[in-house]
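Residues per chain, in single letters:
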Amino acid sequence: MKIKLDIRSLHLHFGKKEILKGISLAIPDNAVTALIGPSGCGKSTLLRSLNRMHDLHPDAHLKGHILLNGKNILGKKQNVTAIRRNIGMVFQKPNPFPKSIFDNVAFGLRINGHKHPDQIRERVENALRQSFLWDEVCDQLDKPALELSGGQQQRLCIARAIAIEPEVLLMDEPCSALDPISTNKIEQLIIRLREQYCIIIVTHNMQQALRVADFTAFMYLGDLVEHGPTRDIFHHPKQELTRNYVSGNFG
């Protein structure tokens, strides 16, 4: 499989505290990679490193390489806005803007220079269709996004992220605030979207990782303990720590 993101010896400090301890991980394109591990192990911290969200933290210091298509995105001369355009992010809690459904999805297109109304409308519709939301909202695109249900809001946020056609989609526990029916819709969406994107998902739900992820990486205390095909990680782990975690004999 083609490697889309190649993380090499990634260290992250917040002040003097080391949070990520030399992570190396190759992430393939057109696949879902799940990051699992107990709370505080560095999963979300690693995820946020991949589109340089830690640049906003004055005490954060990253060392190592994150290669996107072979180019190091941690280079000082890299355009961070362009990086975030190529590496989209969906957060744990749905965060639609206080705008209409249409304007939520169109927002990224407009700030990235798309001005032709017909082109914007087409891209908005495509993103909503990809997110399994079009049939539910096509006749109410002027409706405030905040009036949608929680599951619809999360699918709207995914539509907003993919409207600008990123190469990578990061998802930080995208179903943790949702009911089982909405969770199922998001999981089916993730499985469908991997045909077009490199997807990395943080999840505490072991069954969710089994359902949607092609590959799984187990992290503990800032270290990458084990990484491989999801079935191998859950059914034939090589490390005792991994075996204890996925079997529930942990802590």
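The structure displayed is predicted, hence computed values, not measured ones. (Residues numbered from 1 in each chain as written. Predicted model: local features only at pLDDT ≥ 70, side-chain atom pairs only at ≥ 80, totals over all residues. Heavy atoms only, no water.)

Q: Describe in detail the pairing of strand β4 (residues 60-68), supporting the description with residues and values.
A: Across eight bridges, the pairing between strand β1 (residues 3-14) and β4 is antiparallel. Bridge assignment links Arg 8 to a residue of β4, and that residue is His 65. (Pairing = 2+ DSSP bridges. Helix = DSSP H or I, 4+ residues; strand = E, 2+ residues; numbered from the N terminus.)

Q: How would you summarise helix α3 (residues 101-111) if you had to cite specific residues and measurements?
A: Residues of α3 that are buried include every one of Ile 101, Phe 102, Asn 104, Val 105, Ala 106, Gly 108 and Leu 109, and no others. Elements in contact with the buried residues of α3: α4 (117-130), α5 (134-137) and α6 (150-162). Gly 113 sits one or two residues past α3 and shows a positive phi near 95 degrees. (Buried < 20%, exposed > 50% of the residue type's maximum accessible area, 1.4 Å probe, protein only. Contact = heavy atoms within 4.5 Å.)

Q: Provide a residue-level description of the sheet that holds strand β5 (residues 71-72), including the pertinent values.
A: In space, the four strands of this open sheet follow the order β2-β1-β4-β5, with antiparallel pairing throughout. Every other strand in the sheet has two partners, leaving β2 (17-28) and β5 as the edge strands with one partner each.

Q: Would you mind going over the side chain of Lys 4 in detail, with residue names and values included?
A: Mapped onto the elements of the fold, Lys 4 is located in strand β1. Lys 4 sits in the buried class, given a relative accessible area of 5%. Here Glu 167 takes part through its side chain, which lies 2.6 Å from a polar atom of the side chain of Lys 4. With residues up to four places along the chain from it excluded, the contact list for Lys 4 reads Ile 27, Pro 28, Asp 29, Leu 67, Leu 68, Asn 69, Glu 167, Val 168 and Cys 198. (Polar contact = N/O pair within 3.5 Å; in protein donor to acceptor, adjacent residues only side chain to side chain.)

Q: I'd like a rundown of the pattern of salt bridges, residues and numbers included.
A: The final tally for this structure, using the stated rule, is twelve salt bridges. Linking Arg 211 and Glu 187 is a salt bridge whose minimum nitrogen-to-oxygen distance equals 2.7 Å. Of the two residues, Arg 211 sits in helix α8 (residues 206-212) while Glu 187 sits in helix α7 (residues 180-193), which places them 24 residues apart along the sequence. Linked by salt bridges that have partners in common, Lys 4, Asp 29 and Glu 167 make up one network. (Salt bridge = Lys/Arg side-chain N within 4 Å of Asp/Glu carboxyl O.)

Q: Got a sec to walk through the sheet that holds strand β7 (residues 168-172)? Specific residues and values, please.
A: Strand order in the open sheet formed by six strands is β6-β7-β8-β3-β9-β10, and the pairing between neighbours is mixed. Each end of this open sheet is capped by a strand with a single partner; those strands are β6 (87-90) and β10 (223-229). Within the sheet, the average angular offset between the axes of one strand and its neighbour, ignoring direction, is 20 degrees. In this structure, β7 lies alongside strand β8 (residues 198-202), joined through five bridges in parallel fashion. Each bridged residue has a counterpart across the sheet, and for Asp 172 the counterpart in β8 is Val 202. Against the sheet, α6 touches β6 and β7, its axis set at about 170 degrees to β6. Lying over the sheet, α7 contacts β3 (32-36), β7 and β8, oriented at roughly 150 degrees with respect to β8. (Axes fitted to C-alpha atoms, helices over the stretch in contact; angles between N-to-C directions.)

Nothing here speaks to function; it is all geometry.
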